[in-house]
Amino acid sequence: MNGNRGIHWRRLDRKILVLLLLFTALSLLFLHSAGYDSSTGSFRPFWKKQLGWAVVSFLMLLLLQRVSYRSVLDHAYVIYGAGLLLLVAVRLFGTTLNNAKRWLDLGFMLLQPSEFMKVFVVLTLARYIRWREDTRQLRGLLRPFLLTLAPMALIVAQPDLGTALLFIPVLFVMLFVAGARAHHLGLVALMGILCLPLLYFGFMKDYQKKRVLVFLGQEQMSDREKRNEGYHLDRSKIAVGSGGLAGRGLGAGDQRVPENETDFIFTVIAEEWGFMGTVVVFVLYMALFLFLAAIAVEAKDSAGKLLVAGILALLFVQTAVNIGMTVGLAPITGLTLPFLSYGGSSLLSCFLCVGLALNVRLHPPYVFKRDL
Amino acid sequence: MFNRRLLLAAVPAIAYFGVLLLRLFSMQVAEAEHWREEAAKLSKRTLRIPARRGAILDRSGEVLAEDRFELDVTVRFDLCVEEAWRCAACRRSNFASPGRRSRRCPDCGGREFRPASPADFAGLVPFLPAGGPSFEGLREAAFAEHRREVEEEVARRQKLYMRAEREDVEKVLLRRERVLLRSASPELVKELSLSPERYHGLFVRPAFRRVVSAGEAVSVIVGQVGPLSEAEQRELGSRGIPWSEIWRMEVGRSGLERGLEDRLRCREGRKEVERDARGRVIEVLEEDPPRDGETIRSSLSLPLQRTVTEALRAACAAHDAEGGAFVALDPANGEVLALASVGEGIHARLNLAVLPAVPGSTFKILTALAGLEAGTIDPLETFTCAGPWHGIGCSHSPGTVDLRDAISRSCNKYFARAAEAMGIGVFAPFAAKLGFGRPSGLLLPEESGGLVPDPEWKRRRYPKDPVLHVGELRQMGFGGGALLVTPVQMARLMAVVANGGRLVPPVLVLGEGGGGDRVVSEASAARVREAMEAVVTEGTGRRLGLQEFRVAGKTGTAELVADRQDHMAWFAGFAPAEAPRVAFACYLRRVKAHGAEAAGPVVLAFLREFFAR
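In this report, the structure presented in the accompanying data block is examined. All of these numbers come straight from a predicted model, not from anything done at the bench.

All names here are of chain B. One open sheet accounts for five strands, arranged E14-E13-E21-E20-E19; its pairing is antiparallel. Looking at which strands have only one partner, the edges of the open sheet turn out to be strand E14 (336–343) and strand E19 (552–559). The sheet shows a mean angle of 5 degrees between the axes of neighbouring strands, direction not considered. In the sheet, E19 pairs with strand E20 (residues 567–575) via eight bridges, with the strands oriented antiparallel. Bridged to Gly553 within E20 is Gly573. Lying over the sheet, helix H20 (residues 522–537) contacts E19 and E20, oriented at roughly 70 degrees with respect to E19.

Next up, the structure:
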């Protein structure tokens, strides 16, 4: 609309950029450690590829700043539609790994559209809710829910329950921040909980059911199952706990949880840097979330505020669930740890999230008569 | 509105982060000890430290058999055949599971992957020993071992009514390291260690391997090592030796290796370590040092052993014998100086020096000693030998003989009469007293006791004819009948005469010999010794050229009943006659020649070497 006129590049939040660099350094450091596996005596250079992705992501983030978030929001429905198409394409032509069809083989990378769909849904919701008053009514909540449930259904079918369930708290937070009445949201949540048995008996695979039951403490695992199902949790707890206060030293860890380069990268940090490392990670995330919250608070228009709030919710829930699952405070789902886990799609989508937030601060807000 | 709501939403978020941090604090700081122990259980590895089995040396310290340090190449099939996927372009294994084939190779960017195959190890082919099996062949052999073990394990489990699913068993056994190539060349080891990723699944492992460095001359007496039998494994297992060690353990199976097993045996050491993900040792938790076996200096002399073996071989070839043995011992203390055995066919692997043979006339020495001791032989009494007596003939010219002549000319009838005169009640116990009929205790497991027939034996062995007839006794008097004697026993008999009547226990370990107990009076021994000197100077052994060493000895030729053409050719004795330093016995199986002619050159060769030093 109004191009780059009125941009003050000084308003680009450099604190956040520095944080992202720190995250990237931490990620590369521990991906290097995670590449070693004493059981096979091999080394996989995760860090090299991740470095490439980090550079690409950083460039994309900076590139994104040239376009105002307003024009992005204006095209939100198109982007949303494209995202849905990608999810359908996964359904049709996807690549299957570990019994899940989540990826599109682009030749140079395996694209995981669900990672991007998270961002797209936040964009779309921000666009839809931005100046509506009907969020105060129960009926007004219907459309935002439908917008969220459509991609969720496609992602659940992949199956990727973890990523799909991530949409729910994001939606709730955005509606809540937008002004939805708490008892309306409570009612919807109650309905959702009542629907859970449907999900449990209708869609969940046996191993997922078992995980839920074990997490709820309803069922004990036999030794054999412990080796299989509880294996991840056991190994992850041992890795985290054995780090102690100061850790075993960079590169000196031995406890290897399967997939420790992606979902369980936190266990490597916790083992090798101990509680100190845990605190470092927490401080980094707290700082990031604080800075993002500041952007949301300072934002001049409701669309910007909603967008940053949604992004904040998205990143926070992922972080909280991922770290929580390594110590048994959250069920084990395939959620990555933002900025630290190995994986191009995940890293790029997280950078895009932060990029959008920076954009909100950088670019002038929507101006409407009503706001004047 | 927005901002208030945002802050409201932040409250549970901050609370959850707080709980999370508390939980991490309690795990990493408060319970750190507990998790540390759990982790130690998982990252603990036991490293083996190989130990060296004791060496066997000859009396001057030359090595007969020792453990040699070697590097083996081992293979783990789970890593290089079944599950490892390799990049088709650069051939490095990238350890991706089959499902991840659509990923790119981290090294060269190739997109095609395939399971590891023997072709991946083509780089090793130039370093394989020339003329040996191909890589494929080696792999096949190692894999055959795996298959065999799978079958055994499945069968074992079925026998115990355990779950015996082949897939499970295979999965476990595939992880076991198997020896692909023993004693790899330094070049091969270098190639393997320079690019471990490329040859993923192959390892270089140190090992000690038994080598009989002195070669053929001592191989039979030194014996062999081999894996334990199942019963032995159980026995060691019940003594608390770890099974991981028992499975690999090699023990002496024959010869000295077996006889000295308890002293030669080594105990592998082990180190409990904690390793990090790169395989570097972080901490040594426990160390049990290896215990090498004792190095044992045997009383054998390698040069003598070599000379004798060669001479025996030559004699066997010259007389078309199927085998032969030679034993030499120090008459003063019983230390065995040489103990050789050669043979054709099955006899090549037997130690004929400790296996029984018909003694022939050499046994007359015992009859003479027995008669003198019992007083039934008067050495000066003469006997006129002419013509067969009770079917017993003599090969010497007819004439009158006393004890000296009877020994030097080897008169059969004289000793048949002597045996009859003393009776089996004197003869058999005396033979037993001089060590016949039982093993001499040489520490050689193969050693036989031979046989001295007595009425008790006859009753047991021939229930239909339970009486020991006088005819059999007469035969025994000059070394016939059912008598069986080992060359070691015969050499010991010679030592008794040589040292003036003491029975020394033959020993193979230097310094363990002893003076022995007196079994024969000095006078009797002297009388027999004098007669034995005459054997070489004027009797049956006069043409052997042994006079130069002043040998006292006795020839023997035992005809085999089955085939009168073949003889057991014996020569036993000691030298020098007046102050004996060595006693010996030599025999050749199934020769066409008279005893002395066949065995003489061996003795001559031995004495030349013995006195040259």
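Quoted interface sizes are often the accessible area lost when the parts come together. Taken together, the 47 residues of chain B in the interface contact 62 residues of chain A. With both chains or domains summed, chain B and chain A bury close to 4800 Å², and 66% of this area falls on carbon and sulfur atoms. The three residues of chain B that bury the most area against chain A are Phe2, Phe17 and Gln28 of chain B, which together make up 16% of that side's buried surface. Connecting chain B to chain A are nine residue pairs in polar contact (both at pLDDT 80 or more). Secondary structure elements with two or more residues in the side of chain B that touches chain A: helix H1 (2–30), helix H2 (32–43) and strand E10 (269–275) of chain B. The greatest single-element share of the side of chain B that touches chain A, amounting to 18 residues, is contributed by H1 of chain B. By residue class, the composition of the side of chain B that touches chain A is 24 nonpolar, eight polar and 15 charged.

A few words now on the packing of aromatic side chains. Residue and element names in this part refer to chain B. Throughout the structure, instances matching the rule amount to 27 aromatic pairs over all chains. Here Phe326 and Phe584 contribute two aromatic rings whose centre-to-centre distance is 6.1 Å and whose plane-to-plane angle is 10 degrees, an arrangement assigned as stacked. Here Phe326, found in strand E13 (residues 323–329), pairs with Phe584, found in strand E21 (residues 582–591); they are 258 residues apart in sequence, far enough to count as distant. Judged by its relative accessible area of 0%, Phe326 is buried. Here the aromatic rings of Trp457 and Tyr462 are separated by 5.9 Å at their centres, their planes lie at 85 degrees, and the arrangement is edge-to-face. The exposure class assigned to Tyr462 is partly exposed, which follows from its relative accessible area of 39%. Looking at Arg461, its charged tip hangs above the ring of Tyr462, at a distance of 5.1 Å from the centre.

Our focus in this paragraph is unusual backbone geometry. A cis amide bond links Gln158 of chain A with the next residue in sequence, Pro159 of chain A, at an omega value of 0 degrees. Following the sequence through the fold, Pro159 of chain A ends up in the loop between helix H6 (142–156) and helix H7 (161–178). Cis geometry marks the peptide bond from Ala575 of chain B to Pro576 of chain B, where omega comes out at -15 degrees. The phi dihedral of Leu443 of chain B is positive, around 75 degrees, even though this residue is not glycine. With respect to the helices, strands and loops of the structure, Leu443 of chain B is situated in the loop between helix H16 (424–433) and helix H17 (455–461). According to the relative accessible area criterion, Leu443 of chain B is partly exposed, its value standing at 38%. Its identity as a non-glycine residue notwithstanding, Arg590 of chain B has a phi of 55 degrees, on the positive side. Considering the arrangement of structural elements, one finds Arg590 of chain B in strand E21. The partly exposed category is assigned to Arg590 of chain B, whose relative accessible area is 30%.

On to the pattern of salt bridges, then. All names here are of chain B. Scanning all chains against the criterion turns up 42 salt bridges over all chains. Here Arg59 ties to Glu335 by a salt bridge, and the two come within 3.5 Å at their closest N and O atoms. Note that Arg59 is positioned in the loop between strand E2 (56–57) and strand E3 (63–75) and Glu335 in the loop between E13 and E14, a separation of 276 residues in sequence. A relative accessible area of 6% means that Glu335 is categorised as buried.

Moving on, we come to the sheet that holds strand E5 (residues 110–111) of chain A. All names here are of chain A. One open sheet accounts for three strands, arranged E3-E4-E5; its pairing is antiparallel. Two strands lie at the open edges of the sheet, namely strand E3 (95–97) and E5, each paired on one side alone. One ladder, built from three bridges, connects E3 with strand E4 (residues 100–105); its direction is antiparallel. Directly across from Leu97, in E4, lies its bridge partner Ala100. Its contacts with the sheet put helix H4 (residues 76–93) on E3, E4 and E5, and the angle it makes with E4 is roughly 105 degrees.

This part covers the packing of helix H15 (residues 412–422) of chain B against helix H18 (residues 470–477) of chain B. All names here are of chain B. Closest axis-to-axis distance for the H15/H18 pair is 7 Å, and the angle between their directions is 125 degrees. With respect to H18, the axis of H15 lies oblique. The element H15 and its partner H18 pack so that their crossing is right-handed. Note on element contacts: H18 touches H15 through Val470, Leu473, Arg474 and Gly477, opposite Phe415, Ala416, Ala419 and Glu420. Its residues placed into classes, the contact of H15 with H18 shows five nonpolar, one polar and two charged.

Residues and elements named next belong to chain B. The terminal C-alpha atoms of H20, which comprises 16 residues, lie 22 Å apart, in line with the 22 Å expected from a rise of 1.5 Å per residue. Along H20, the residues classified as buried are Ser524, Ala525, Val528, Arg529, Ala531, Met532, Ala534, Val535 and Val536. Taken together, the buried residues of H20 touch helix H13 (364–374), helix H14 (403–408), helix H19 (487–498), E19 and E20.

Criteria and cut-off values
Residues numbered from 1 in each chain as written. Chains lettered and ligands numbered in written order. Predicted model: local features only at pLDDT ≥ 70, side-chain atom pairs only at ≥ 80, totals over all residues. Heavy atoms only, no water. Pairing = 2+ DSSP bridges. Helix = DSSP H or I, 4+ residues; strand = E, 2+ residues; numbered from the N terminus. Axes fitted to C-alpha atoms, helices over the stretch in contact; angles between N-to-C directions. Contact = heavy atoms within 4.5 Å. Buried area = accessible area lost by both parts, 1.4 Å probe. Polar contact = N/O pair within 3.5 Å; in protein donor to acceptor, adjacent residues only side chain to side chain. Nonpolar A, V, L, I, M, F, W, Y, C, P; charged D, E, K, R; others polar. Phe/Tyr/Trp six-rings, centres within 6.5 Å; stacked < 30°, edge-to-face > 60°. Buried < 20%, exposed > 50% of the residue type's maximum accessible area, 1.4 Å probe, protein only. Lys NZ or Arg CZ within 6 Å of the ring centre and 35° of its normal. Salt bridge = Lys/Arg side-chain N within 4 Å of Asp/Glu carboxyl O. Parallel < 35°, antiparallel > 145°, perpendicular 65-115°, else oblique. Left-handed = near helix turned anticlockwise from the far one by under 90°. Expected span 1.5 Å × (residues − 1).

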